[in-house]
Amino acid sequence: MAAIDQPAKGTRIEVTDGALLPIKSERGILNSWRVTFVFSIVMLAILFFFYEEPYSQIVFVVAKGIPITFSVTVFAILGSIFIGLFAGLGQISRLRIVNLIAGVYIELIRGIPLLVQLIFIYYALGRFFKIEGTIAAIIALSICYGAYMGEIFRAGIQSIPKGQMEAALALGLSRGQAMRLVILPQTVKIILPAIGNEFIAMLKDSSLVSVIALRDILRRGREYIARTFLSLETMAIVALVYLVITLVLSKLVAILEDRMKTSET
Amino acid sequence: MKPRIRIEEAVKNFGHVQALKGASLEVQPGEVVLIIGPSGSGKSTLLRSVNRLERLSSGHIWIDDDRVTGPKADIRRIREEVGMVFQSFNLFPHLKVLDNISLGPRNVKRTAKAAAEEKSRALLKKVGLSDKEQAWPEQLSGGQQQRVAIARALAMEPKVMLFDEPTSALDPEMIKEVLDVMLALAQEGMTMLVVSHEMGFARAAADKVVFMDEGQIVEVGPPDQLFSSPTEERTQRFLKHIL
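All of these numbers come straight from a predicted model, not from anything done at the bench.

A. Spotlight on the overall build of chain A. The helix and strand tally for chain A stands at ten helices and zero strands. Helices and strands appear in chain A in the N-to-C order α-α-α-α-α-α-α-α-α-α. When the 265 residues of chain A are sorted by exposure, 43% land in the buried category. Counted over contacts in chain A with a minimum sequence separation of 6, partners at least 24 positions apart contribute 75%. With an accessible surface of roughly 15400 Å², chain A has 68% of that area assigned to carbon and sulfur atoms.

Listed below in structure tokens is the structure:
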């Protein structure tokens, strides 16, 4: 006989890059999100108001990178959703060759470190096309994240009960129509939190692109260090700025997830 | 008369398991045929083969002059004419009741929105749910969902309706409301193939009852005869269990 307290077959341990999974003991006022958030805000405030030299200046310099970081992330996430949709559909296609192409793309991307990919795609794009650095960075991030997005789409589509496709086909809809009108609208709702988490992960990973092209948060900081040699001070602010942004976003995703759970019941 | 549905020597293999072992059946226009049998006897597989949700391993199925099983069959056009109702309703949860019903006509028949919705309202009235057109499926009871599902299938103006255990997932008090709708449909002359063990419905509406066991059609007869004096021993044994 199988032991009863064994986890059920197919149980997955989900560790996401965005919002932490809720834990029961985290319900009180003193949860880890609040502690981290208050800590980072207080730290920023103290440094900004009580140590004007050099911190307030660093904050201003680094903050100039925030719009860049956000715009690159927003465009790249849209790009990766577009690519991911096709990668996901490709994986579940009934054409073997399409499966293979989508599968190879995903394996390839997931097997290479992100930084290596980004630099490679950036230089490859630069060699063959005349495009601006920011655009190249957005394309590179889209391609990298498209693979993960593809897996999210595939899992989302496959989580829709089989009866939905059957009911749509039985009405005389084509497979494409059934996908577009019945399956995908339901999928999008399910994968929205996952996309939110990808957004957070990408916002952090976009700092990698600063190595080559973008004058984002990290790049501004590094430029400042090059001028002043205040490396520790600058990187402390850079880290805090990322932290505050990420914490706010992960809270939003958690709220989104929560709301979807309650709407289901 | 030419049969509306003709199934010839239907065989279906799932890996090493043979779900259908050469079943043949004819359903005349306007006939209501009930399929009964133990679970795993292949009755749902047979039903689902009629609109090719399952592809037969061998054998043929015709609906009027269209061969469903042919390699060049225009399966989408055939499915337009074959409505299907599922055990688990399978309403589209992201669409309101009215949009569930009008989705098919609007996207398959390209009916204009206003016309499709007018038709959908008429069908909702027919299944007694006029006040629910703006409801979400999850707000409805099981019986109401199944009635919407019937309306959704009827919106395509099918000439055949398939029912795959339409009342099996329902609480007892909701079964009647669904059977009443099916009964009305039968009286209008709809050709119906129904997998169900509802004896009351069989007696009231069925022209023929088919008993299936182990992928084969064991016995076919009018409901009264098949229920009260089955000729085959397997039928007798099965009926003893469920009556």
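B. Main features of the packing of aromatic side chains. Residues and elements named next belong to chain A. Under the definition given, this model contains eight aromatic pairs over all chains. Between the aromatic rings of Trp33 and Phe37, the centroid separation amounts to 4.8 Å while the plane-to-plane angle is 10 degrees, which identifies the pairing as stacked. You can see Trp33 and its partner Phe37 sitting in helix α1 (residues 32-50), four residues apart, about one turn around the helix. For the pair Phe48 and Phe60, a centre-to-centre distance of 5.8 Å together with 70 degrees between the ring planes defines the contact as edge-to-face. Placement of the pair is Phe48 in helix α1 and Phe60 in helix α2 (residues 52-63), with a sequence separation of twelve residues. Among the residues examined, Phe48 registers a relative accessible area of 23% and is labelled partly exposed. A relative accessible area of 54% means that Phe60 is categorised as exposed.

C. Structural detail: the interface of chain A and chain B. Of the residues lining the interface, 18 residues belong to chain A; the matching set on chain B comes to 23 residues. Taking both sides of the interface into account, the surface hidden between chain A and chain B amounts to around 1700 Å²; carbon and sulfur atoms contribute 59%. Ranking the residues of chain A by area buried against chain B places Glu166, Ala170 and Leu171 of chain A at the top, with a combined share of 34%. Across the chain A-chain B interface, the total number found is one salt bridge. Among the salt bridges present, the one from Arg48 of chain B reaches Glu166 of chain A, with a minimum N-O distance of 2.7 Å. Where chain A touches chain B, the interface holds seven residue pairs in polar contact (both at pLDDT 80 or more). Breaking the side of chain A that touches chain B down by element, the ones donating at least two residues are α7 (162-170), α8 (175-209) and α10 (231-264) of chain A. A per-element tally of the side of chain A that touches chain B places α7 of chain A first, with seven residues.

D. Just empty space enclosed by the protein, in detail. If you walk through the whole model with that rule in mind, you get one cavity of 30 Å³ or more. In this model, the largest cavity occupies a volume close to 60 Å³. Lining the largest cavity are Ala167, Ala170 and Leu171 of chain A together with Arg79, Val82, Gly83, Met84, Phe86, Arg152, Ala153 and Met156 of chain B. Counting residues per element, the ones that place at least two in the lining of the largest cavity are α7 of chain A together with β6 (82-85) and α5 (142-154) of chain B. Considered class by class, the residues forming the lining of the largest cavity number eight nonpolar, one polar and two charged.

E. Quick peek at the pattern of salt bridges. One pass over the full model with this rule turns up 26 salt bridges over all chains. Two residues, Arg219 of chain A and Glu223 of chain A, come together in a salt bridge whose shortest N-O distance is 3.6 Å. Residue Arg219 of chain A and its partner Glu223 of chain A are both found in helix α9 (residues 217-228); the two are separated by four residues, about one turn of the helix. Among the salt bridges present, the one from Lys113 of chain B reaches Glu117 of chain B, with a minimum N-O distance of 3.6 Å.

F. Main features of unusual backbone geometry. Residues and elements named next belong to chain B. One non-glycine residue with positive phi stands out, namely Glu9, at about 50 degrees. In this structure, Glu214 takes a positive phi of about 50 degrees despite not being glycine. Locating Glu214 in the fold gives a position in the loop between β9 (208-213) and β10 (216-221). The partly exposed category is assigned to Glu214, whose relative accessible area is 48%.

G. Just the sheet that holds strand β3 (residues 32-36) of chain B, in detail. Residue and element names in this part refer to chain B. Pairing is mixed across the open sheet formed by six strands, whose spatial order is β6-β7-β8-β3-β9-β10. Two strands close off the open sheet at either side, each with one partner strand: β6 and β10. Neighbour-to-neighbour, the strand axes of the sheet open up by a mean angle of 20 degrees, direction not taken into account. Running at roughly 150 degrees to strand β7 (residues 160-164), helix α1 (residues 43-50) makes contact with β3, β6, β7, β8 (191-195), β9 and β10 of the sheet. Sheet strands in contact with α5 are β6 and β7, and its direction is about 170 degrees off that of β6.

H. Summary view of the confidence of the model for chain B. All names here are of chain B. Considering every residue of chain B, the mean pLDDT works out to 95; 100% of them sit at 70 or more. The least confident element of chain B, judged by mean pLDDT, is helix α9 (residues 233-242) at 91; the most confident is β6 at 98. In the model output, the complex is listed with pTM 0.86 alongside ipTM 0.94.

I. Structural detail: the environment of Lys125 of chain B. Residues and elements named next belong to chain B. Position of Lys125 relative to the elements: it lies in helix α4 (residues 113-126). Relative accessible area serves as the criterion here: at 64%, Lys125 is assigned to the exposed category. Sequence separation of Lys125 and Ala151 is 26 residues, and the distance between their C-alpha atoms is 9.4 Å.

The rules we used
Residues numbered from 1 in each chain as written. Chains lettered and ligands numbered in written order. Predicted model: local features only at pLDDT ≥ 70, side-chain atom pairs only at ≥ 80, totals over all residues. Heavy atoms only, no water. Helix = DSSP H or I, 4+ residues; strand = E, 2+ residues; numbered from the N terminus. Buried < 20%, exposed > 50% of the residue type's maximum accessible area, 1.4 Å probe, protein only. Contact = heavy atoms within 4.5 Å. Areas by Shrake-Rupley, 256 points an atom, 1.4 Å probe, with all protein chains shown as cover. Phe/Tyr/Trp six-rings, centres within 6.5 Å; stacked < 30°, edge-to-face > 60°. Buried area = accessible area lost by both parts, 1.4 Å probe. Salt bridge = Lys/Arg side-chain N within 4 Å of Asp/Glu carboxyl O. Polar contact = N/O pair within 3.5 Å; in protein donor to acceptor, adjacent residues only side chain to side chain. 1 Å grid on protein atoms, 1.4 Å probe; cavity = no way out; pocket = protein on both sides within 12 Å on 5 of 7 lines; lining within 4 Å. Points joined across faces, edges and corners; volume = space filled by probe spheres on them. Nonpolar A, V, L, I, M, F, W, Y, C, P; charged D, E, K, R; others polar. Pairing = 2+ DSSP bridges. Axes fitted to C-alpha atoms, helices over the stretch in contact; angles between N-to-C directions. pLDDT = per-residue confidence, 0-100.

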